[in-house]
Amino acid sequence: MTAAQDGWQRVHPASPFIRGWVALAAMFVFFGRDAFERLLQGRPVVDDRFAGRAPWLLLGGGAVLLLTVAGFVLTWYFTRYRVADGYVRVNTGFLFKQQRQARLDRVQAIDVVQPLLARIFGLAELRFEVADAGQSAVHLAYLPVDEARRLRAAILASAAGGPPAAPAPPASGSDQPGSDQSGRGVPVPGTADHAAGQPAADDASPGPHRGLAEAPERGLLSVPPARLAGSLVLSEQSVVIILGAAASVLLSALTENRGFFLYLIPAGLGMAAAYWNSFTKGYNFTAAASRDGLRLRYGLLDTQAQTLPPGRIQALRISQPPLWRIFGWYRMQVNVAGYGTGGNADGAARTTLLPVGTLADVFTMLAAVLPDPGTPDPVRVFTAGLTGLAPGSGGPSGPGAASDGDFVTTPRRARLLAPLGWRRNGFTATDTALLIRSGRWWRHLVLVPHQRTQSLALQQGPIARRFRVADLILHTTAGPVAPRLVQAGLDEGRALLDAQAARARSARKRQTSEHWLAAAPRQPATHHPEPQEGPQYG
C-alpha cells in the first residue's frame, strides 16, 4: 500500500478484481462456454463457420478483457482514503469523482467484513456506519486484514476522545475473542484504569495507525452451532411449514387431488435457502467487551466483525417465540443509526445482538450495552419484563404490581381488546431506560434508553376511545425495533408521555459529548462496572 505525502493512501491493488470477479467470470463464461463444450465432445474448439474469423474474435475478446482490467486498475489508482482532522474521507472515480466522509465522533459502528474471496487473499472491508438512513457512509474495500484491524482501532480511539491502545502490532489472531493478555481487566469507560498511565488524547491521531494495537477485550459469550441449528428448527418459519404441510395433506385427502403436494416444493426450497442463510450468518457467533465497545463476530463463509461503540444502540428488543420456551431461548435485536431496518439477510445479521441465547446470556449482553440499569433490582425488573404476567387488574396500584416488576399493564376494562395479552402489555421506567413488554405467546421486551428517545406520539382510534385506552409510540432511528406501547390506560399514557419527554431531555443534557471516553477522569471509578461481570444484574 502506497502513501502520498499529503496523507492519502490507497487500498490493496487486488481490491477491484475482488469486487469485480463476477464480471470477469461472466466474460469467460460468455466467450468460452461453446469452446469448452466442443472440447469435451472431441470436436474442434472453433466452429468451422468462424474459423476464418477466429483471430478477429480473439482480438476482440482480448480487447474487451484488456479494457476491463484497465478499468479495474484505474478504479484502484483513483481510490484513496485519509483519516485526519476528525474525519475519514474516501475519494473514488476517475471520470466522475466522488468524495465521501464521516465525522469520527458520529461513527455509529465499524464493521470488518470478509467475503469468501477476500478471506482467501487475506483482505477485509471496513464499513463506517453513520446516521444516514441505513446507507453506509464510507466503505474501504479492500485492505489487508491486519491493516484493517489497526485502522479500526485507531479510528475508534480517536472517536472515543481517549488514548489509543499501546503502540504495538497486534498479535496473530487478535481479532478472536479472548482474555486480556496483560492479565488485567478490560478498561471500561468511566473507570480509573482508563486514565492511569495513559498518554494524552492528543497523541491518538489515527494517521500513523500502523503501530496501533486493538484495545484488549474479554469474551462474553458464544453461540454453539447446535443451539443455532435448534433455534432454526423451532423458529416461526418451521411452524408455517408444518401448518402448510398439514393443510396440503388435509386438502389432498378431502379432494383426492395429490397436486397440493406440489405447492410444498417451492416453499420447501425457499425455506431451506432461508435456513442455510441464517445458519451461515449466525455461525460461530461470539461477543466480547472492550473499551471500544461491544465486538460481535460471526459467519461461516463470509465473516464479519462488528464493533458497536458505547451508547450507540438506539433501541433493543428481546423476543421469545413459543417453541423457544422449551429450552428458555431468547433473541436480541437492536436499532443502530446507519444499519437500517435489516430487511435483507445481511442487514438482519447486523442488527442482531444475540441470535439465540439463554436467560443468563441475555443478562450478560444487557450488562454490556446498558451497564447502568437504573434500578437497584434489575433481575426482578427485567425478568418480569420477559416472563411476567400481571395477576390482577392493570395500573400502578393493582394487586401484585410490586411482584410484577412495577409494570403498568392494560386496564381491566379493555381486556376485550386483548383477551390474552392485556395482562402482559405494559411498561415501566428505570432511571436510564423505558421498558415496554408485550405478547402472551410471542413475548417481547423493548428497551429504549432515555437519551435515545427522539420524539413521542399518543394515538387513539375510535374503539380505543370507547375503552379509554391509547397507544404510545416512541420514535427512534430506523431498525427492526419499533417501540410501541399498546392499549395503555388513557391517564397512564398521558402521564407517561409527559414523564418520558422530561426524562429524555434530562438524559440528553447529561450527555455533553459524543466522545464516550472524554469525560472518563471526571467520573467515579465504580460508576460503570465491567460489562461482562455486571454485578448489578446478578
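Keep in mind that what you see is a predicted model, and the values were worked out from it rather than measured. (Residues numbered from 1 in each chain as written. Predicted model: local features only at pLDDT ≥ 70, side-chain atom pairs only at ≥ 80, totals over all residues. Heavy atoms only, no water.)

Draft legend 1. Seen up close, the environment of V356. By the element assignment, V356 lies in strand β14 (residues 352-357). Excluding its chain neighbours within four sequence positions, the residues that come into contact with V356 are V223, R227, L228, S231, W324, W329 and Y330. (Helix = DSSP H or I, 4+ residues; strand = E, 2+ residues; numbered from the N terminus. Contact = heavy atoms within 4.5 Å.)

Draft legend 2. Broad picture of helix α5 (residues 145-160). Across its 16 residues, α5 extends 22 Å between first and last C-alpha, which sits within 8% of the 22 Å expected from 1.5 Å per residue. Most of α5 sits inside the fold, with 15 of its 16 residues counted as buried. (Expected span 1.5 Å × (residues − 1). Buried < 20%, exposed > 50% of the residue type's maximum accessible area, 1.4 Å probe, protein only.)

Draft legend 3. Local environment of the packing of aromatic side chains. In this structure the tally under the stated criterion is 8 aromatic pairs. Ring geometry for F285 and Y298: centres 6.1 Å apart, planes at 15°, overall stacked. One end of the pair, F285, is in the loop between α9 (264-282) and β9 (286-290); the other, Y298, is in strand β10 (residues 293-298), and 13 residues separate them in sequence. By way of ring pairs, the aromatic residues W76, Y77, F78 and F94 are connected into one cluster. One cation-aromatic arrangement involves R437 over F407; the distance from NZ or CZ to the ring centre is 4.5 Å. (Phe/Tyr/Trp six-rings, centres within 6.5 Å; stacked < 30°, edge-to-face > 60°. Lys NZ or Arg CZ within 6 Å of the ring centre and 35° of its normal.)

Draft legend 4. View of the pattern of salt bridges. By the definition in use, this model includes 13 salt bridges. Across the salt bridge formed by R227 and D361, the nearest N and O atoms sit 3.1 Å from each other. Linking R227 in helix α7 (residues 225-233) with D361 in helix α11 (residues 359-369), this pair joins segments that are 134 residues apart in sequence. D361 carries the same exposure label as R227, and that label is buried. For the salt bridge of R380 with D377, the shortest nitrogen-to-oxygen distance reads 3.2 Å. Look at R380 and you get partly exposed, because its relative accessible area is 30%. Judged by its relative accessible area of 32%, D377 is partly exposed. Put simply, E217, D292, R295 and R297 are held in one network by salt bridges that share partners. (Salt bridge = Lys/Arg side-chain N within 4 Å of Asp/Glu carboxyl O.)

Draft legend 5. A nonpolar patch on the surface, seen in detail. The grouping of L116, I120, F121, W276 and L301 at the surface amounts to a nonpolar patch, some 550 Å² of accessible area in total. Residue placement: I120 occurs in helix α4 (residues 116-120). Classification of I120 by relative accessible area gives exposed; the value is 61%. (Patch = residues over 30% accessible without salt bridge, like charges linked within 9 Å, V, L, I, M, F, W, Y side chains within 5 Å. Areas by Shrake-Rupley, 256 points an atom, 1.4 Å probe, with all protein chains shown as cover.)

Draft legend 6. Spatial organisation of the sheet that holds strand β8 (residues 217-222). Taken together, 7 strands build an open sheet; the order of strands is β7-β6-β5-β11-β10-β9-β8 and the sheet is antiparallel. Looking at which strands have only one partner, the edges of the open sheet turn out to be β7 (138-144) and β8. Ignoring strand direction, the axes of neighbouring strands in this sheet form an average angle of 20°. Taken strand by strand, α5 contacts β5 (109-114), β6 (123-129), β7 and β11 (303-308), and its axis lies near 135° from that of β7. (Pairing = 2+ DSSP bridges. Axes fitted to C-alpha atoms, helices over the stretch in contact; angles between N-to-C directions.)

Nothing here speaks to function; it is geometry throughout.
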